[in-house]
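Structure at a glance
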Amino acid sequence: MEIVIASNNKGKIEEIKNYLSDKNIIVFSLEDYPDFPGIIEDGKTYFENAFKKAHAVCQYTGKIAIADDSGLEIEALNKAPGVYSSRYAGPQAGASDNIKKVLEELKKLPQDISKKATFKCVISIVHPNGNSDVIKESCEGEMILKPRGNNGFGYDPIFFIPLLNCTMAELTLAKKNEISHRGKAMKRLKELLPKYIK
Ligand code: IMP
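This report concerns the structure included in the present document. (Residues numbered from 1 in each chain as written. Predicted model: local features only at pLDDT ≥ 70, side-chain atom pairs only at ≥ 80, totals over all residues. Heavy atoms only, no water.)

To continue, consider unusual backbone geometry. One can expect most non-glycine residues to show negative phi and most peptide bonds to be in trans. The omega angle of the peptide bond from Ala 80 to Pro 81 is -5 degrees, so this bond is cis rather than trans. One can find Pro 81 in strand E4 (residues 80-81). In this structure, Lys 79 is a non-glycine residue whose phi angle is positive, near 75 degrees. For Lys 79, the location among the structural elements is in the loop between strand E3 (64-74) and E4. Take Lys 79: its relative accessible area is 54%, and that puts it in the exposed class. (Helix = DSSP H or I, 4+ residues; strand = E, 2+ residues; numbered from the N terminus. Buried < 20%, exposed > 50% of the residue type's maximum accessible area, 1.4 Å probe, protein only.)

Right, dumping it as structure tokens:
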């Protein structure tokens, strides 16, 4: 069985590949398709973007495609950055620019305001025969004002998980996949895979 991950995001690709590594699946990503023209992520929801990415990559490659659209929703910032998480600090922003912008916004608020936040993830799978599924998952945590940890990607260093007393960036890849929004969605995706195997 062959699957293409409809992403260029190295962090996402690593996590999804790790999740599928015990299955007899050859996993590709957009890094294997350098001529793919790219997708404009102009959806207003994670679902719209995830489905658009999976559908376009399935058509382009002729293989089963899975796409993840995800984001960080901070309660005190009215659920920002949300669907715009990857470009919160601007179209060319990297993870450190986005973290800086979140911290700037949080520091403008009263110190005792709730720092509750949720990572959201929507995974879409599309088969060339037209079959498709969508899975939504989330992971609860709190924002901290001083980044901690070197693992993971994106906002992981400022996303604190009270139950584990550490940030997402202090977890190993395996542990992150056990508890994260993406890990939980991938677990459910794996249960659906038999119906995509001829
Ligand atoms: P997308 O490619 O539009 O889905 O962008 C998702 C963005 O949300 C990423 O670029 C990160 O900024 C953020 N994000 C999603 N999942 C995670 C995660 O597991 N850790 C940290 N940041 C994440």
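Moving on from the coordinates now.
Quick look at the site of the ligand now. The full set close to the ligand counts 18 residues, and Lys 12, Ser 70, Asp 156, Lys 176 and Arg 182 are the nearest of them. Taking Lys 12, its side chain carries an N or O atom lying 2.7 Å from an oxygen atom of the ligand. Within the side chain of Arg 182, an N or O atom sits 2.8 Å from a nitrogen atom of the ligand. For the shell around the ligand, the elements supplying multiple residues, two or more each, are E3 and helix H5 (181-192). With 4 residues, the top contributor of residues to the shell around the ligand is E3. Residue composition of the shell around the ligand, by class: 3 nonpolar, 7 polar and 8 charged. (Near = heavy atom within 4 Å. Polar contact = N/O pair within 3.5 Å; in protein donor to acceptor, adjacent residues only side chain to side chain. Nonpolar A, V, L, I, M, F, W, Y, C, P; charged D, E, K, R; others polar.)

What follows covers the pairing of strand E1 (residues 2-5). Consecutive side chains along a regular strand alternate between the two faces of the sheet. Both E1 and strand E2 (residues 26-29) contribute to a ladder of 4 bridges, which runs parallel. Along E2, the bridge assignment pairs Ile 5 with Ser 29. Note on the crossover from E1 through helix H1 (residues 10-20) to E2: the handedness is right-handed. Looking at chain direction, E1 and E3 are connected through 3 bridges and run parallel. Looking at E3, one finds that Ile 5 is bridged to Ile 66. (Pairing = 2+ DSSP bridges. Right-handed = clockwise from strand over helix to strand, strands pointing away.)

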